[in-house]
Structures are given as C-alpha cells and as structure tokens.
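Structural description and commentary
Chain residues, written in single-letter form:
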Amino acid sequence: MTYCVAMRLADGMVFASDSRTNAGFDQISTFRKMHVFEQPGERELVILSAGNLATSQSVISLLEKRAGSEVPNVFSTASMFETAEIVGKTIREVIHRDNPEGKVNHVDFSCSLILGGQIRGEEARLFNIYPEGNFIEATPETPYFQIGESKYGKPILDRVVNYQSSLERAYQCALISFDSTMKSNLSVGMPLDVAIYRNNELKPCFIDRVEEHNDYFHQLRQQWHQGIQELVSGLKPPVIR
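Looking at an unreviewed UniProt entry, one finds the chain named Peptidase, with Marinobacter vulgaris as its source organism.

The next subject is the pairing of strand β5 (residues 34-39). Relative to strand β6 (residues 43-51), β5 is paired through 6 bridges, and the arrangement is antiparallel. Opposite M34, over in β6, you have L48 as the bridge partner. The hairpin turn running from β5 into β6, its antiparallel successor, is 3 residues long, and G41 in that turn takes a positive phi close to 85°.

Right, let's get into the nonpolar core. Within the largest apolar cluster, 27 residues are counted, with the highest numbers of intra-cluster contacts made by V5, M7, L157, L175, F178 and V210. If you list the elements that add at least two residues to this core, you get β1 (3-8), β2 (12-17), α3 (154-160), α4 (167-184), β11 (192-198) and α5 (215-234). Looking at this core element by element, the count peaks at 9 residues for α4. Setting aside anything within four residues of it in sequence, one finds L175 in contact with L192, V194, V210, Y216, F217 and L220.

As a further point, take the packing of aromatic side chains. Aromatic rings in a pair are described by how distant their centres are and how their planes are angled relative to each other. All told, the structure shown has 4 aromatic pairs when counted by the stated rule. Between F37 and F75 the ring centres are 6.5 Å apart and the planes differ by 75°, which places this aromatic pair in the edge-to-face class. Taken together, the residues F37 in strand β5 and F75 in the loop between α1 (53-66) and α2 (80-98) connect sequence positions 38 residues apart. A relative accessible area of 5% places F37 in the buried class. What makes F75 partly exposed here is its relative accessible area of 22%. For the ring pair F81 and F135, a centre distance of 5.3 Å and an interplane angle of 70° mean the geometry is edge-to-face. With F81 in helix α2 and F135 in strand β9 (residues 135-137), the pair connects residues that are 54 residues apart, well separated along the chain. Here the aromatic cluster, defined as three or more aromatic residues joined through ring pairs, consists of F81, F127 and F135.

Sheet architecture is open: 5 strands sit in the order β10-β1-β2-β11-β12, paired in antiparallel fashion. Only two strands of the sheet have a single partner each, and these edge strands are β10 (144-148) and β12 (206-210). Ignoring strand direction, the axes of neighbouring strands in this sheet form an average angle of 10°. Bridge count between β2 and β11: 6 bridges; the pairing is antiparallel. Residue pairing for β11: S17 is matched across the bridge by D193.

Our focus in this paragraph is a nonpolar patch on the surface. There is a patch of nonpolar side chains on the surface, built from I228, L231, V232 and L235 and spanning about 380 Å² of accessible area. Looking at where I228 falls in the secondary structure, it is placed in helix α5.

All right, on to unusual backbone geometry then. Note the cis peptide between M190 and P191, where omega equals -5°. Although it is not a glycine, N200 sits at a positive phi angle of roughly 70°. By relative accessible area, N200 is classed as exposed at 59%. With phi around 50°, L202 is a residue other than glycine that occupies positive phi space. Inspection of the secondary structure assignment puts L202 in the loop between β11 and β12. For L202, a relative accessible area of 11% translates into the label buried.

Within the open sheet, the 5 strands sit side by side as β5-β6-β7-β8-β9. Their pairing is antiparallel. The sheet is open, and its two edges are formed by β5 and β9, each paired on a single side. For this sheet, the mean angle separating the axes of adjacent strands, direction not counted, is 20°. Two strands pair when backbone bridges link them, and strand β7 (residues 111-119) and strand β8 (residues 125-129) are joined in this way by 5 bridges, in the antiparallel orientation. Bridge pairing in β8 places L115 opposite F127. Where α2 meets the sheet, its contacts fall on β6, β7, β8 and β9, and the angle it forms with β7 comes to roughly 155°.

Cut-off values and rules
Residues numbered from 1 in each chain as written. Predicted model: local features only at pLDDT ≥ 70, side-chain atom pairs only at ≥ 80, totals over all residues. Heavy atoms only, no water. Pairing = 2+ DSSP bridges. Helix = DSSP H or I, 4+ residues; strand = E, 2+ residues; numbered from the N terminus. Core = buried A, V, L, I, M, F, W, Y, C linked by side-chain atoms within 4.5 Å. Buried < 20%, exposed > 50% of the residue type's maximum accessible area, 1.4 Å probe, protein only. Contact = heavy atoms within 4.5 Å. Phe/Tyr/Trp six-rings, centres within 6.5 Å; stacked < 30°, edge-to-face > 60°. Axes fitted to C-alpha atoms, helices over the stretch in contact; angles between N-to-C directions. Patch = residues over 30% accessible without salt bridge, like charges linked within 9 Å, V, L, I, M, F, W, Y side chains within 5 Å. Areas by Shrake-Rupley, 256 points an atom, 1.4 Å probe, with all protein chains shown as cover. Salt bridge = Lys/Arg side-chain N within 4 Å of Asp/Glu carboxyl O.

Okay, structure coming up:
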C-alpha cells in the first residue's frame, strides 16, 4: 500500500510519500515514490506515485527517457497544465500497452500520480492525475491532495492545513498525518520522503528522508500522542443516567 500527500500553499509546496509497497510477516518491500524533474532557473517538478508499482515505474521511466528529446516532454512544456496532460497521456499509454483493451481483468494496472511544481512565467500549481489520465487542480479552497491510503491521515489536514499555512506548519502536519496512518495501517511505512519548494525559487527543492529513528519525527509523534491523551482526559464527561 502507499500514502502520499502534497499541498499547494501561499508560500510554496510540500510533498511527502512513504516507501512501503508490500508488508507481511515475511516480506517488506521499499521503493521510492517521489520523483523530481528539474531545470534550475526554468522549472521544478515533483511527482508522487501510488497504485500498481510496475505501471508507475514504467510511467516515470518513460517521462525520464523522453525528457529533453524532440517529442513533447516534461521539459518542453510551456505550462504546468501541459505537463499534466503529458503525464496523463503517459499513464494511459502504459496501461493500454500492458493491458490492451482491458483483457486482463484480474490484475489492477492502475496508478495515480500527484504532479506539482512551477515553470518560469507562471505560478506554482498542483494536480491530482487519475489512472484514466484526466486530472484536477488544487485551489486555495482545496489546497492539498492525497493518494493511496488516505483516510487515516486526513483529519489533521482538514482541521489544521489551509492555503495560508506556513511551509513549516504544513511539513509538521504532513508528518503527523503519516504517523496517524502508520498507526492504523501497517502497509504504510518508513522511511518517508519529503520535499519542500518555495514559490518562485526555481531551484532544487529542500528534500529530506525521514528514517524511523529521526529525532524530530520521534519527538513530534510523542508530543502528538501525549497531547491527544491529555486533551481527551480533560474533556467534560457526558451525563449517563
């Protein structure tokens, strides 16, 4: 399973993804689900992936192979919208190649991607790209997207994160969101990959890999757990007759 989240805020963007693709008593697999395409001074793009690993890896490989070539690619687009179109078309291409006409019906070939970043000359933008290749864009009213195992980590984002949130607060909430998800679902696991992009810098993101024993993450999850316990203990109890 997978969990990825990305936020487009007034000051920039925050991306986070786990790295677990299979969990069980005798098998745990780890693959990076965050992919960066960059041309310093021109564009900075981040893609998060969830779903069928073979499909998502093929999509990323094709995007990397075509980058800078003569065919339309993620480095030749004039806008983030055009970039999202190319990524969507590549998803459809890979799924049709591996499962033409949908003949293999016992395997889920689908994958979902989050694409975010900025191209010189326009503002930073964030897209949620579906397996069918179509997509929606984040807005100030709906500033974040999740893909994969999203339900457990959603409440903290809904209650705290808004378009005016600082990048530091958004980063903090992303980590709490992952902690909540991992607490309830063992198929999402460490390490976590985090990227933070500040608007109009057009240079490589701040990227961090948060390991299991990361001091800040450990401290944050302890404070969050203790804070919830204290809050619940302090709530006025109901009157039960």
